[in-house]
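# Survey of secondary and tertiary structure
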Amino acid sequence: MTALSFLSPFLLWGMLLASVPIIIHLLFRRRFRRIEWAPMHYLKLSLQRNRRRIRLEQLLLLALRVAIVLVLFCVVARPVLRAQGLGAWLGGRSRTSQLIVIDDSLSMAFSDSGRSAFQHAQDVAAEILKSVGSEDRLTLVLASRPTLPLLREIEATDREAVLRQLGELPLSDAYVSWDATLEGIDELVKSGTYPIRRVAIVTDLRHAGWDARVGEIGSRWAANRVELEIFDVGSPRTDDIALLDLVQKDRVALVGTATGFEAVLRNGGSAELEGIDATLTVDGRPSAVRLPAIAPGSTARIPLAATFQESGMHHVSFALPGDDLRGDDQRWVVVPVRDQLSILLVDGEPSGEPLGGEVDFLALALSLSAGEGDAWQVEVTTDTQWEATPLARPDLVVLANLPSLTAERAGELERLVRDGCGLMIFVGDQVDPDNYNRVLYRDGAGLLPVRLESPIDADASGLVLEDAEGTPLEALAQLDPAVLERIRVRKIMSTRAGDETDPAVRVLARW
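Because the structure is a prediction, the values reported are computed rather than measured. (Residues numbered from 1 in each chain as written. Predicted model: local features only at pLDDT ≥ 70, side-chain atom pairs only at ≥ 80, totals over all residues. Heavy atoms only, no water.)

### Some words on the overall build of the protein chain
Just so we agree on the cut-off: Note on conventions: DSSP H or I runs of at least 4 residues are helices, E runs of at least 2 residues are strands, and numbering of each starts at the N terminus. Working rule for contacts: check all heavy atoms of both residues, and any pair within 4.5 Å makes them a contact. Values of accessible area rely on a 1.4 Å probe in the Shrake-Rupley scheme; residue burial ignores everything except the protein chains shown.
A tally of regular secondary structure across the protein chain gives 13 helices and 25 strands. For the protein chain, restricting intrachain contacts to residue pairs at least 6 apart in sequence, the fraction spanning at least 24 positions comes to 73%. Carbon and sulfur atoms make up 55% of the accessible area of the protein chain, which amounts to about 31200 Å² in all.

Here you go:
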């Protein structure tokens, strides 16, 4: 590393003009001719006595002329003296704050020729350590924990201890967002002991995590004279079968009832994936699952099911056969399994006749579907009883044609919904739109997604389902549209949405 550089180095060619005074000096020395002259004898004696002084004056004058030319063009070339090379000018080595960053993200476990990228990173970090001087300060940090360095500003004297710690570094399965990582590292760079700072990043340079914001930090370091080196230890191969996710599709798992799950797989290889068995493990009991054919570069969703015989917390995992990157071959979920669900039906217009109330048909359907397991614990109450009773913590509350609600009871419902309780509101002739808008809609800040207008006598038919996947209306999507055409309504409640583009409001069906 040089200590001196020039902003306009091409102007240094002008220094060749410094040879002009030397040539003139040599040419003028040859022009003198020897002439014998009597008075010259005495002058010659005088010159001999002062020859050394005259020669010194001539050499000084020649050196001054040459120096003027050299300094002139050197100044025009704009020299810059850098701190990094000052130690070399002084005959020694500048002290440096060296920071080594090792990528320990999930992709670093990818193996090629029997060695993972993380093992290569450890070898590269060991080589970098050899270049660190004994008087330099060393900081060692993992990319997944940029604010918690393993070593911070220590003197690199005990290299054997540092090398042992390098060999024992753990590999995480974390996702590294490099803009956040470099921001954390930037704080370590600013706190360096010495003004000369070097950052070495050892990574596989996988695309994930690198975005435009990383460039802003790099520009900031360049402006502050921070030296940055990136060492690529990644493999050129990218073939990988990844298990991207394992999710529980059924929101509630009940004892003795099949609970649905979904595994999301991506074939990142160059060949079709077929004839491969994965493993579904429920509470330590494995079972084989034959995977369908998955084309290269495509993603597949695999439906799974598990049945639990006891309530409590249960463990479910799904694993692919091991490949070169084992960190993304298995996923786990913890499933809370319950004996039954508590459902509260509030009837706003009860009737003494069989199936004459607002919730009688729903209560009958739930009791029939419960079967022998009594999966549903259904409680039916009237609106007056419900208003006079403290609100418990059911799993689902159904308000059917309830005339009005108090602000206190609406606040209790909001807290229940926020804690995970389900709420279904069925409007009817008795509903007071002004009351619902005041305590439940609240200008879009309440539980109601739309403002209620007023009941209208009008015939409506033909229920059109929107994207009902994962909603309570998903089962209706399996019916023939002609069946939905038979549903006829003679009175409807008109509504007005506050903002059709509000992502918090989702329309499931329209008349």
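Okay, back to it.
### A look at a nonpolar patch on the surface
Where we set the bar: Note on patches: the residues involved have over 30% relative accessible area and no salt bridge, like charges join within 9 Å, and the nonpolar side chains Val, Leu, Ile, Met, Phe, Trp and Tyr join within 5 Å. Note on definitions: salt bridges are taken to be side-chain nitrogens of Lys or Arg within 4 Å of carboxyl oxygens of Asp or Glu.
A cluster of nonpolar side chains, namely Leu355, Phe361, Leu364 and Leu368, defines an oily patch on the protein surface of about 430 Å² accessible area. Within the fold, leucine 364 resides in helix 9 (residues 360-370).

### As for the sheet that holds strand 21 (residues 422-426)
As a general point, the strands of a sheet are linked pairwise by backbone hydrogen bonds and lie either parallel or antiparallel. We apply this condition: At least two bridges found by DSSP between two strands is the condition for calling them paired. Axes here mean lines fitted to C-alpha atoms, for a helix over just the part in contact, with angles spanning 0 to 180 degrees between N-to-C directions.
Ordered in space as 19-18-20-21, the four strands form an open sheet in which the pairing is parallel. Two strands bound the open sheet, and with one partner strand each, they are strand 19 (376-382) and strand 21. Ignoring strand direction, the axes of neighbouring strands in this sheet form an average angle of 15°. Pairing of strand 18 (residues 341-347) with strand 19 involves seven bridges; the strand directions are parallel. Bridging across to strand 19, leucine 344 finds its partner in glutamate 379.

### A word on the environment of arginine 331
Condition: Under this definition, polar contacts are N or O atom pairs within 3.5 Å; protein pairs additionally need one hydrogen-donor-capable and one acceptor-capable atom, and for neighbouring residues in sequence, both atoms have to be side-chain atoms.
Structurally, the position occupied by arginine 331 is in strand 17 (residues 330-338). With 15 residues separating them along the chain, arginine 331 and valine 316 place their C-alpha atoms 8.5 Å apart. Excluding residues that lie within four positions of it along the chain, arginine 331 makes contacts with Leu243, Leu244, Asp245, Leu246, Val316, Ser317 and Phe318. There is a polar contact of 3.0 Å between the side chain of arginine 331 and the backbone oxygen of leucine 243. From its side chain, arginine 331 meets the backbone oxygen of leucine 244 in a polar contact 2.8 Å long.

### Some remarks on the packing of aromatic side chains
Under the convention used in this document: Here the aromatic set is Phe, Tyr and Trp, taking the six-membered ring for Trp, and pairing holds for ring centres within 6.5 Å; pairs whose planes are under 30 degrees apart are stacked, those over 60 apart are edge-to-face, and all others are tilted. For a lysine, the NZ atom is tested; for an arginine, the CZ atom; a charge sits over a ring if that atom is within 6 Å of the ring centre and within 35 degrees of the ring normal.
Across all of its chains, the model carries zero aromatic pairs by this definition. Over the ring of tryptophan 386 we find arginine 409; its NZ or CZ atom is 4.7 Å from the centre of that ring.

### Description of unusual backbone geometry
The test is simple: Summary of the burial criterion: residues with accessible area below 20% of their type's maximum are buried, those above 50% are exposed, and those between are partly exposed, where the area comes from a 1.4 Å probe applied to protein chains only.
Unusually for a residue other than glycine, glutamate 153 sits at a positive phi of about 50°. Mapped onto the fold, glutamate 153 is located in strand 7 (residues 151-155). Take glutamate 153: its relative accessible area is 16%, and that puts it in the buried class. In the Ramachandran plot, arginine 442 falls in the positive-phi region, its phi being about 50° despite a non-glycine side chain. With respect to the helices, strands and loops of the structure, arginine 442 is situated in the loop between helix 12 (433-441) and strand 22 (450-461). The class for arginine 442 is partly exposed, based on a relative accessible area of 35%.

### A word on the packing of helix 7 (residues 178-190) against helix 8 (residues 212-223)
Our working definition: Convention used here: angles under 35 degrees read as roughly parallel, angles over 145 as roughly antiparallel, angles from 65 to 115 as roughly perpendicular, and any remaining angle as oblique. Should the near helix be turned anticlockwise from the far one by less than a right angle, the crossing is left-handed, and should it be turned clockwise, the crossing is right-handed. We call Asp, Glu, Lys and Arg charged. Ala, Val, Leu, Ile, Met, Phe, Trp, Tyr, Cys and Pro are nonpolar, and the rest, Gly among them, are polar.
Closest axis-to-axis distance for the helix 7/helix 8 pair is 8 Å, and the angle between their directions is 20°. The angle between helix 7 and helix 8 falls in the class roughly parallel. Here helix 7 runs over helix 8; the crossing is left-handed. Note on element contacts: helix 8 touches helix 7 through Arg213, Val214, Ile217, Arg220 and Trp221, opposite Trp178, Asp179, Leu182, Glu183, Ile185, Asp186 and Val189. Taken together, the residues of the contact of helix 7 with helix 8 break down into seven nonpolar, no polar and five charged.

### Brief notes about the environment of serine 317
Assignment of secondary structure puts serine 317 in strand 16 (residues 312-319). Note on serine 317: relative accessible area 6%, which makes it buried. Counting along the chain gives 38 residues from serine 317 to threonine 279, while the straight-line C-alpha distance between them is 8.1 Å.

### Quick notes on the pattern of salt bridges
One pass over the full model with this rule turns up 21 salt bridges. Among the ionic pairs, glutamate 414 bridges to arginine 442, the shortest N-O distance being 2.2 Å. Here glutamate 414, found in helix 11 (residues 407-418), pairs with arginine 442, found in the loop between helix 12 and strand 22; they are 28 residues apart in sequence, far enough to count as distant. Note that aspartate 457 is salt-bridged to lysine 491, the shortest N-O span being 3.4 Å. Separated by 34 residues along the polypeptide, aspartate 457 in strand 22 and lysine 491 in strand 24 (residues 488-497) bring together distant segments of the chain. The class for lysine 491 is partly exposed, based on a relative accessible area of 39%. Because the salt bridges share partners, they merge into one network encompassing Glu183, Asp186, Glu187, Lys190 and Arg220.

### Topic: helix 7
Condition: One less than the residue count of a helix, multiplied by 1.5 Å, gives the span that helix is expected to have.
Helix length check: helix 7 (13 residues) gives 18 Å between terminal C-alpha atoms against 18 Å at 1.5 Å per residue, within 8%. Along helix 7, the positions that sit buried rather than exposed are Trp178, Asp179, Thr181, Leu182, Gly184, Ile185, Asp186, Leu188 and Val189. Tucked into the core, helix 7 has its buried residues touching strand 3 (97-102), strand 6 (137-142), strand 7, strand 8 (197-203) and helix 8.

### Concerning the side chain of threonine 139
By the element assignment, threonine 139 lies in strand 6. Aside from chain neighbours lying at most four places away, what touches threonine 139 is Gln98, Leu99, Ile100, Pro149, Leu151, Arg152, Glu153 and Leu188.

### Some points on the sheet that holds strand 13 (residues 277-282)
The sheet built from five strands is open, its strands ordered 11-17-16-13-14 with mixed pairing. Two strands bound the open sheet, and with one partner strand each, they are strand 11 (253-254) and strand 14 (285-290). Pairing analysis gives four bridges linking strand 13 to strand 16, with the strands arranged antiparallel. Each bridged residue has a counterpart across the sheet, and for valine 282 the counterpart in strand 16 is valine 316.

### A closer look at the packing of helix 5 (residues 117-130) against helix 6 (residues 159-167)
Close contact between helix 5 and helix 6 brings their axes to 10 Å; oriented N to C, the two are set at 165°. When the axis of helix 5 is compared with that of helix 6, the two are roughly antiparallel. At the point where helix 5 passes helix 6, the crossing takes the right-handed sense. Of the residues in helix 6, those in contact with Gln122, Ala125, Ala126, Leu129 and Lys130 of helix 5 are Arg159, Val162, Leu163, Leu166 and Gly167. For the contact of helix 5 with helix 6, the class distribution of residues is six nonpolar, two polar and two charged.

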